[in-house]
Amino acid sequence: MSTCWRSIILPPTVIPNTALPWTPNLVKTRFSIRKISIPILRALREEIEVLDVESAESGFLQKNPTVADAKEEEVDGAINSNGVAEFTESENNLTSYRPPPKRDSKKSEDDDNFRSRFKLRNGREVFEEKAYLVGVECKGDQDDTFGIEESLKELAQLADTAGLMVVDSTYQKLATPNPRTYIGSGKVAEIKTAIRALDVETVIFDDELSPGQLRNLEKAFGGDVRVCDRTALILDIFNQRAATHEAALQVALAQMEYQLPRLTKMWTHLERQAGGKVKGMGEKQIEVDKRILRTQIGTLKKELESVRQHRKQYRNRRFSVPVPVVSLVGYTNAGKSTLLNRLTGANVLAEDRLFATLDPTTRRVQVKNGKEFLLTDTVGFIQKLPTMLVAAFRATLEEIAESSLLVHVVDISHPLAQQQIDAVNKVLSELDVETIPKLTVWNKVDRTSDPHKVKMEAEKGEDVICISALNGVGLEEFCNAVHEKLKDSMVWVEALVPFDRGELLSTIHHVGMVEGTEYTANGTLIRAHVPLLLARQLTPMRQLCKS
Ligand SMILES: Nc1nc2c(ncn2[C@@H]2O[C@H](COP(=O)(O)OP(=O)(O)OP(=O)(O)O)[C@@H](O)[C@H]2O)c(=O)[nH]1
Ligand SMILES: [Mg+2]
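Residues numbered from 1 in each chain as written. Chains lettered and ligands numbered in written order. Predicted model: local features only at pLDDT ≥ 70, side-chain atom pairs only at ≥ 80, totals over all residues. Heavy atoms only, no water.

Draft legend 1. The arrangement of the site of ligand 1 in detail. Around ligand 1 sit 23 residues in total, of which Thr-332, Lys-336, Thr-338, Thr-357 and Asp-446 are the nearest. A distance of 2.8 Å separates an oxygen atom of ligand 1 from a polar atom in the side chain of Thr-332. In the complex, the protein chains occlude 92% of the 650 Å² of accessible area that ligand 1 would expose alone. If one sorts the elements of the shell around ligand 1 by residue count, helix H14 (residues 336-344) sits on top with 3 residues. Split into classes, the residues belonging to the shell around ligand 1 amount to 7 nonpolar, 9 polar and 7 charged. (Near = heavy atom within 4 Å. Polar contact = N/O pair within 3.5 Å; in protein donor to acceptor, adjacent residues only side chain to side chain. Areas by Shrake-Rupley, 256 points an atom, 1.4 Å probe, with all protein chains shown as cover. Helix = DSSP H or I, 4+ residues; strand = E, 2+ residues; numbered from the N terminus. Nonpolar A, V, L, I, M, F, W, Y, C, P; charged D, E, K, R; others polar.)

Structure follows, in structure tokens:
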């Protein structure tokens, strides 16, 4: 997971146009040269026509001397350990063909295996590192509705999404986690043996580790294996997936806040890039680094604020057209984007991976009876969602808070559907949206063993609709249910609309629920449930009606 590791260690590289001391890499690198090991560089040189490192990185290296330095050092190492002659010949004498030196078949097989571990993920080439997963089940932990094995299964899915190859996993039941190493010393020794036997490159813990625990574990495992936790993994996926400027800023901020207490000496490059001006008078390096990082966090927050102001203006413009907004919320991979695509013909990425969507997308849905509403697709939730990520995405999630109706999409075919529902409700309660009317949608009924039985179950529940977003089953019923629910959030009006305001009448018909119309000498008398904003627009006519 080269990109994963890169983002854990280095500042994220996707923040254009900032006055940060380090220069962001605007050409998104496919992986971090800085952290690429000697054998990877060797393979890269052999594969030069596939992955032209020099040209791909040249712009970046000029801007980022630290990375360039690191690259040089490691290339030298590769040459020394592999023999200079082989590379020099192939690079300097490209026209005359000479058969490659015979390599023993084991080495060639290793190289092939090695090369096959470069995978394309989210449009980037990443090195598929071997990962080992570790979980802890604390006895008497009431909060975790997910069992440890299920939670590790989900962690494996997250690792796969980030581009890692999970080679094995283990867990331990403890009364309380060990404050030094999170797991007990026996488990540490067991994992150390597995690391050697399986060539593990990254060990991922299913819970957030303290900075001290991270350091102690890295030391205990021998120093040459990376240790990270679920939060870092999720942050990395978000970093890989962030497609818009705002999402990139939000993730960058969350990553930096995660980094701050975990800073070690590796941040010395920040100081160099700040032109040495920050060299402290007797200040420890780590303090300097922390100060620089805090400044960067401040800069990011300011930039994020200005982006948010922009979006707010856009949202206000949208609200001037009083179409009700319906937000799709739910566990990651439940089928929210598939439902949006199906209903609106949108082309939002929907795939069988966690966190396919980060940015909200809103589209207009036209229902058969001429009614319409706006449907917003949002970022999915997950159990143990890092609080800093909820905080970072709060602005995006504000869209949810401003909607007229929440549609909770559930993957009913998932064995842990109920636990996922609970996890989503927990996040929703953190967002203070309990007052917004809610409709529950049981999606993927086609994947259940007995769709008919599931439908009967749904009918027993209040406000539950069964659908299959993939094949379109139940969508008409869904739209009708949305409309009925929207009525709950609407205001009852009786208004006398003058004949020259015909456009208002058609808006009322589009977005409201008309109960009756009457033509009078002064205009059309209309009785309807309408969204609050439209009711406000109709206020003078409502007064007219009363008089
Ligand atoms: N069988 C079946 N698969 C579905 C259905 N709806 C969605 N899927 C599949 O489930 C996977 C996830 O769908 P998405 O629409 O990306 O899920 P999402 O909720 O947007 O996920 P995030 O963006 O990660 O939060 C995709 O492979 C879809 O094809 C359905 O009704 N039936
Ligand atoms: Mg999605």
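This is not the end of the story, as more comes after the structure.
Draft legend 2. Examining the coordination of the magnesium ion (ligand 2) more closely. Coordination sphere of the magnesium ion (ligand 2), protein contribution only: Ser-337 (OG) and Thr-357 (OG1), at 2.0 to 2.1 Å. One end of the pair, Ser-337, is in helix H14; the other, Thr-357, is in the loop between H14 and strand S8 (361-366), and 20 residues separate them in sequence. Of the two residues examined, Ser-337 and Thr-357, each falls in the buried class. (Donors = N, O, S within 2.8 Å, 3.2 Å for Na, K, Ca; no water. Buried < 20%, exposed > 50% of the residue type's maximum accessible area, 1.4 Å probe, protein only.)

Draft legend 3. Seen up close, the sheet that holds strand S13 (residues 491-497). The antiparallel open sheet is built from 3 strands, whose spatial order is S13-S15-S14. Either end of the sheet is taken by a strand with one partner, and the two such strands are S13 and strand S14 (513-520). Averaged over all neighbouring strand pairs, the angle between strand axes comes to 10°, with direction disregarded. Across 7 bridges, S14 lies against strand S15 (residues 523-530) in antiparallel orientation. Bridged to Thr-517 within S15 is Ile-526. With respect to the sheet, helix H20 (residues 502-511) is in contact with S13, S14 and S15, its orientation differing from that of S15 by roughly 30°. (Pairing = 2+ DSSP bridges. Axes fitted to C-alpha atoms, helices over the stretch in contact; angles between N-to-C directions. Contact = heavy atoms within 4.5 Å.)

Draft legend 4. Local environment of unusual backbone geometry. Unlike most non-glycine residues, Asp-199 shows phi in positive territory, near 60°. Among the secondary structure elements, Asp-199 is positioned in the loop between helix H8 (185-198) and strand S5 (202-205). The backbone of Asn-333 shows a phi angle near 80°, a positive value even though the residue is not glycine. In this structure, Asn-333 sits in the loop between strand S7 (325-330) and H14.

Draft legend 5. How the structure looks around the sheet that holds strand S3 (residues 130-138). With parallel pairing, the 4 strands of this open sheet are ordered in space as S4-S3-S5-S6. Of all the strands in the sheet, just strand S4 (165-174) and strand S6 (226-229) have a single pairing partner and so form its edges. Within this sheet the neighbouring strands show an average axis-to-axis angle of 20°, counted without direction. Along the sheet, H8 makes contact with S3, S4 and S5, crossing S4 at roughly 170°. Docked against the sheet, helix H9 (residues 211-220) engages S5 and S6, running at close to 150° with respect to S6.

Draft legend 6. Seen up close, the nonpolar core. Counting residues in each nonpolar core, the largest one holds 69 residues, and the members touching the most others are Leu-158, Val-203, Ile-204, Phe-205, Phe-221 and Phe-238. Look past the residues within four positions of Ile-204 in its chain and what remains in contact with it is Ala-131, Tyr-132, Leu-133, Val-134, Leu-155, Ala-159, Leu-164, Cys-228, Asp-229, Arg-230 and Leu-233. (Core = buried A, V, L, I, M, F, W, Y, C linked by side-chain atoms within 4.5 Å.)

Draft legend 7. Fine view of helix H17 (residues 417-430). Helix length check: H17, at 14 residues, gives a terminal C-alpha distance of 20 Å against a target of 20 Å (1.5 Å per residue), a fit within 8%. Burial in H17 covers these residues: Ala-417, Gln-419, Gln-420, Ile-421, Ala-423, Val-424, Val-427 and Leu-428. Close packing links the buried residues of H17 with S7, strand S10 (405-411) and strand S11 (438-443). With its phi angle positive at about 55°, Asp-432 sits one or two positions after the end of H17. (Expected span 1.5 Å × (residues − 1).)

Draft legend 8. Structural context of the confidence of the model for the protein. Overall, the prediction assigns the protein a mean pLDDT of 75, with 70% of residues at 70 or greater. Long-range and interchain partners of residues 1-103, a stretch whose pLDDT sits below 50, account for 165 contacts in this model, where long-range means more than four residues apart. In this model, residues 265-272 is a region of pLDDT below 50 whose contacts with residues beyond four sequence positions or in other chains number 29 contacts. (pLDDT = per-residue confidence, 0-100.)

Draft legend 9. Looking closely at the pattern of salt bridges. Per the stated rule, a full pass over the model turns up 20 salt bridges. One salt bridge connects Glu-137 with Lys-173, and the closest N-O pair in it is separated by 3.6 Å. Here Lys-173 lies in strand S4 and Glu-137 lies in strand S3, a separation of 36 residues in the sequence. Members of the salt-bridge network, linked through shared partners, are Glu-154, Asp-206, Asp-207, Arg-230 and Lys-384. (Salt bridge = Lys/Arg side-chain N within 4 Å of Asp/Glu carboxyl O.)

Draft legend 10. Representation of the packing of helix H10 (residues 230-241) against helix H11 (residues 245-259). Running from N to C, H10 and H11 cross one another at 155°; their axes reach a closest spacing of 9 Å. Comparing the axis directions of H10 and H11 gives the class roughly antiparallel. In terms of crossing hand, the pair formed by H10 and H11 is left-handed. Contacts between H10 and H11 involve Thr-231, Ala-232, Leu-235, Asp-236, Phe-238 and Asn-239 from the former and Val-251, Ala-254, Gln-255 and Tyr-258 from the latter. The class makeup of the residues in the contact of H10 with H11 is 6 nonpolar, 3 polar and 1 charged. (Parallel < 35°, antiparallel > 145°, perpendicular 65-115°, else oblique. Left-handed = near helix turned anticlockwise from the far one by under 90°.)

Draft legend 11. The environment of His-414, seen in detail. Secondary-structure assignment places His-414 in the loop between S10 and H17. Take His-414: its relative accessible area is 25%, and that puts it in the partly exposed class. Here the alpha-carbon distance between His-414 and Thr-448, two residues 34 residues apart in the chain, equals 8.5 Å. Separated by 3.4 Å, the side chains of His-414 and Gln-420 make a polar contact.

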